[in-house]
Amino acid sequence: MKQLPFLSCFLCCSISIAATTVETTDTLPNIELQEVVATGTRNAADPRLLPMTVSVVSEEQLHERCETNILPTLTAEIPGLFVTQRGMMGYGVSTGGAGGIKVRGIGGSPNTDMLVLIDGLPQYAGLYGHPIADNYQTLLAERVEVIRGPASLFYGSNAMGGVLNIVTHQPGQDTVLTGLHLQGGSCYTLDAGITNQVKHGKFSSAVGFNYTRTDGHRPNMNFDEYNGFARIGYDFTEHWRLAAMGNAAYFNSSNPGTVEAPLEDNDMHILRGTASLSAENNYDRTSGAVRIYYSGGHHKINDGYAANGGTPRTALYHHTDFMAGVSLYQSVSFFHGNRTTFGFDYQHFGGHAWNETIADKSTSNIIRKAQYELAGYADFRQEVVAWFALDAGIRFDWHSEAGFNYIPQGGFSFLLPHNTELKAFVSKGFRNPTIRELYMYTPANPDLKAQSLWNYEVSYRQYLLQHRLRIGANLFYLHAGNMIATQMVDGKPMNVNTGEMRNCGVETELSYNIVQGLYLNANYSFLHMSNPQLAAPEHKLNISLQYRHQRFRLGTDVQYINGLYLTTGESPEKENYVLWNAHAAVRIWHELWANIKADNLLAQEYEINKGFPMPRTTLMGGLNFNF
């Protein structure tokens, strides 16, 4: 078993495929793929012309695994990306929370270095600066696009480690489609939901509602969530479209504490919501949008007490937070092969935190604070000849307290014979300190500076066997500075800019359509870190085999994790484990499918968060009906 990561590296080295699909253009070599991506740039683009790697997880991949949340699927499908878990369902927040997203060793808990978007708009709590992992349901996703490495040119602060963009359902042709699903299983877990998509002439809509709950595999680990979303659009003319989107989630989550120090009454009640309105234009030589958005929430938390002799809390923590903004961009083709994008972003965010005494409901303020941020950017992309494209851009960003920052990026793409791509990319990322880090609690330090990161990568892609086999590899090196951490200063904990971190590694992927309906997918990533980081495995390997037939579907995957740090410091602890999962579905009648999935078939004992053992073998089964 100790030799497995090295054998895997040998087998997978230089074998990968970015899970992107592309649109054929007249001036590029003919590749029979249709989709475009929008996350690497503000407008829909052929990813072959983008110097960065944009991975796409499709709706089919998301639903085949029967996961309520998108994050476990991304961990399996995207090399270099890892998300912490603590049970079958529910990530929670605050102490004992999971859902920490890391890419190439950057990110973690809280996820202030990884930016989550819904339809290109940022999602994070205004006071703490991190996304809420329990919000990101498979129900609302048409696909998920992931950038590994900085994406701050277009998305600003918090996109230092990368971007995860959830693209919601947007029906493209006239249809009325309704979907129902119901599944249940181990630990009294239930997942039920309904979706509806309509496209009629100029009008389109997509709505959905989901309910999930579980008792968890440990006492005091219950979780339940209500989640809904709606999106409507109207095409006023051939070139102009108005769209509105909203989603809301309410969940209750309990933290049992570690097995060594269990907790009682560590309960969270969280309400989150997002709304946006956009006007979009699309002409032959120019396209763009104006978007207004708002997100916010209310958190009510009982921090609990030690199960063995502790004293119940006398006060509850409350906070309300908000983030409002405007995003404006326009992309123009000034001449043949050119695409130049100009954009402007404004954000206003903050919140109010207080403690409320349980006995008499009296309150004591912790903080009431708001900040704002202004930015402008330009990106120039040019197809010099049919096989060579350049990209360069710069962003100027001003934060009301952290001050001025500039963010350049540049790269090139070679489109070589035999459907081969070769790219090089240099980009800068940054993250402004959050209100929590600057002003809240004992470690607060109002003199913190913005974190920064430079990322350098080269990538190779090739399509073989009439596109049945797609291969490639990414090599990267990143250098981060002014990283914020809590250290002891004059005998007291304080948030400080600690200095440098250097990571390097390789990410490989493979996708092979063996015969009709049978697909082999594999990805492997190796990460070397100058400073060990929690929840960033040194080796991550995932191999999956899928068979898709008109009447049934079968799938299995094996994931190997090696060198996952549970603790760091003078005596670090690491975790290694193997997970074998399987799923199957059979069509009973028309579009009525019965499905079953089994996770951790080897009944492995392992931890991802220190002190939180993961469940052994779990089973889920249910029905899906589309009509």
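Okay, so let's go over this structure. These figures come from a predicted structure and were not determined experimentally. (Residues numbered from 1 in each chain as written. Predicted model: local features only at pLDDT ≥ 70, side-chain atom pairs only at ≥ 80, totals over all residues. Heavy atoms only, no water.)

Next up on the list: the overall build of the chain. The helix and strand inventory of the chain stands at 5 helices and 34 strands. What you see for the chain is a C-alpha radius of gyration of 24 Å, in line with the 25 Å of a compact globule of 627 residues. Overall, the chain is about 70 × 55 × 55 Å in size when its C-alpha atoms are taken along their principal axes. Split into buried and exposed, the 627 residues of the chain put 56% on the buried side. Long-range pairs, those at least 24 residues apart, make up 61% of the contacts in the chain between residues at least 6 apart in sequence. Treating the 45 positive side-chain charges of the chain as one cloud and the 56 negative ones as another, the clouds have centres 1 Å apart. (Helix = DSSP H or I, 4+ residues; strand = E, 2+ residues; numbered from the N terminus. Rg over C-alpha atoms; globule rule 2.2 N^0.38 Å. Buried < 20%, exposed > 50% of the residue type's maximum accessible area, 1.4 Å probe, protein only. Contact = heavy atoms within 4.5 Å. Lys, Arg positive; Asp, Glu negative; His and termini not counted. Charge placed at Lys NZ, Arg CZ, Asp CG, Glu CD.)

For the rest of this paragraph, the subject is a nonpolar patch on the surface. On the surface, a nonpolar cluster with roughly 820 Å² of combined accessible area is contributed by Phe203, Ile232, Tyr234, Phe236, Trp240, Leu242, Leu277, Tyr283 and Ile292. Every element with two or more residues in the nonpolar patch is listed here: strand 12 (223-235) and strand 13 (240-254). When you line up the elements, Phe236 lands in the loop between strand 12 and strand 13. Residue Phe236 is classed as partly exposed on the basis of its relative accessible area, which comes to 47%. (Patch = residues over 30% accessible without salt bridge, like charges linked within 9 Å, V, L, I, M, F, W, Y side chains within 5 Å. Areas by Shrake-Rupley, 256 points an atom, 1.4 Å probe, with all protein chains shown as cover. Salt bridge = Lys/Arg side-chain N within 4 Å of Asp/Glu carboxyl O.)

A few words now on unusual backbone geometry. One non-glycine residue with positive phi stands out, namely Asn220, at about 60°. Its place among the elements puts Asn220 in the loop between strand 11 (203-214) and strand 12. Take Asn220: its relative accessible area is 35%, and that puts it in the partly exposed class. A positive phi angle, near 60°, is found at Asn482, a position not held by glycine.

Two aromatic rings, taken as a pair, are described by how far apart their centres are and by the angle between their planes. As enumerated under the stated definition, the model contains 18 aromatic pairs in all. Ring centres 5.9 Å apart and planes at 40° place the aromatic pair Phe223 and Phe251 in the tilted group. With Phe223 in strand 12 and Phe251 in strand 13, this pair connects stretches of sequence that are 28 residues apart. Like Phe223, the residue Phe251 is buried in the burial classification. Ring centres of Trp387 and Phe414 lie 6.2 Å apart, and the angle between their planes is 15°; this geometry places the pair in the stacked category. A residue pair is termed long-range when its members are at least 10 positions apart, and Trp387 in the loop between strand 18 (363-385) and strand 19 (388-399) and Phe414 in strand 20 (residues 403-416) qualify at 27 residues. By relative accessible area, Phe414 is classed as partly exposed at 23%. When the ring centre of Tyr406 is taken as reference, the NZ or CZ atom of Lys428 above it lies at 4.6 Å. The ring centre of Tyr519 lies 4.8 Å from the NZ or CZ of Arg548, which sits over that ring. (Phe/Tyr/Trp six-rings, centres within 6.5 Å; stacked < 30°, edge-to-face > 60°. Lys NZ or Arg CZ within 6 Å of the ring centre and 35° of its normal.)

Here the focus is the pairing of strand 28 (residues 539-548). Strand direction decides the pairing type here: strand 27 (residues 518-529) and strand 28, joined by 9 bridges, are antiparallel. Among the inter-strand pairings, Asn521 is bridged to a residue of strand 28, identified as Ser544. Across 10 bridges, the pairing between strand 28 and strand 29 (residues 552-567) is antiparallel. Considered in strand 29, the bridge of Tyr547 is made with Leu554. Once strand 28 ends, the chain turns through 3 residues before running back antiparallel as strand 29. (Pairing = 2+ DSSP bridges.)

Where charged atoms of side chains with opposite charge meet at close range, the side chains can pair. With the rule as written, the count across this model stands at 27 salt bridges. Between Glu457 and Arg104 there is a salt bridge, with its nearest N and O atoms 3.1 Å apart. Of the two residues, Glu457 is situated in strand 22 (residues 451-464) and Arg104 in the loop between strand 3 (101-103) and strand 4 (106-108); the sequence distance between them amounts to 353 residues. By relative accessible area, which is 6% here, Glu457 ends up buried. Note on Arg104: relative accessible area 2%, which makes it buried. Put simply, Glu437 and Arg431 hold a salt bridge, and the shortest N to O gap is 3.0 Å. The pair formed by Glu437 and Arg431 is uniform in burial state, with each residue classed as buried. Salt bridges sharing common partners tie together Arg104, Arg148, Glu457, Glu507 and Glu509.

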